[in-house]
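The primary structure of each chain is shown beneath.
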Amino acid sequence: GAVIGHELGHGFDDQGSRFNGDGELVDWWTEGDRERFDALSAKLIAQFSELETRDAPGLKVNGGLTVGENIGDLGGLTIGYKAYTIACEDAPAPELDGFTGAQRFFLGWAQVWSGTAREAEAKRLLATDPHSPMDVRANAARNLTEFVEAFDVRAGDGMWVDEDERVRIF
């Protein structure tokens, strides 16, 4: 669901949001909506610009290059999690193998991005790919309060983001 939501989110990311429903390059957002979106995008750029991939130690993500895909990931997680809760019909999913349904949702997201790259390839991708590295993409989840609650993430934990620094665009 989060991957499908990711693709839907591209219609409203830094590029897609500039086209109307007929595919025409039209500024259809209000000035205030664009300002709020740009401010949240800037926070997401800054957040991802602090992250580095394990495959190219010491090199950080170019948050400006990857912002559209990071918005897609964040939107996809938001849409996918909402769909998950609707599917549960207000009844919690059973705990399986020690994980709650909410935890399994986010673990599924992380598993989608399970992979590795040789260092030379990781460096090339950091310079040219509009997607964040695989191991970094899963980090979009740390912006969702639902993730924080599912895993009881606390200040000082590796996936912790202060509540006022979390980005929720959709």
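Residues numbered from 1 in each chain as written. Predicted model: local features only at pLDDT ≥ 70, side-chain atom pairs only at ≥ 80, totals over all residues. Heavy atoms only, no water.

## A word on the packing of helix H1 (residues 2-9) against helix H3 (residues 63-88)
(1) Moving on: Running from N to C, H1 and H3 point in directions that differ by 125 degrees, and their axes come no closer than 7 Å. What the angle tells us is that H1 and H3 run oblique. The interaxial crossing formed by H1 with H3 has right-handed handedness. Across the interface between the two elements, Ala-2, Gly-5 and His-6 from H1 touch Glu-69, Gly-72, Asp-73, Gly-75, Gly-76, Leu-77, Ile-79 and Gly-80 from H3.
(2) Moving on: In terms of residue class, the contact of H1 with H3 is made up of three nonpolar, six polar and two charged. (Axes fitted to C-alpha atoms, helices over the stretch in contact; angles between N-to-C directions. Helix = DSSP H or I, 4+ residues; strand = E, 2+ residues; numbered from the N terminus. Parallel < 35°, antiparallel > 145°, perpendicular 65-115°, else oblique. Left-handed = near helix turned anticlockwise from the far one by under 90°. Contact = heavy atoms within 4.5 Å. Nonpolar A, V, L, I, M, F, W, Y, C, P; charged D, E, K, R; others polar.)

## Considerations on helix H4 (residues 101-112)
Structurally, the α-helix is built with 3.6 residues per turn, so residues lying three or four positions apart point the same way.
(1) Moving on: Along its 12 residues, H4 runs 17 Å from first to last C-alpha, staying within 8% of the 16 Å computed at 1.5 Å per residue.
(2) Moving on: Those residues of H4 that fall on the buried side of the exposure criterion are Gly-101, Ala-102, Gln-103, Phe-105, Phe-106 and Trp-109. (Expected span 1.5 Å × (residues − 1). Buried < 20%, exposed > 50% of the residue type's maximum accessible area, 1.4 Å probe, protein only.)

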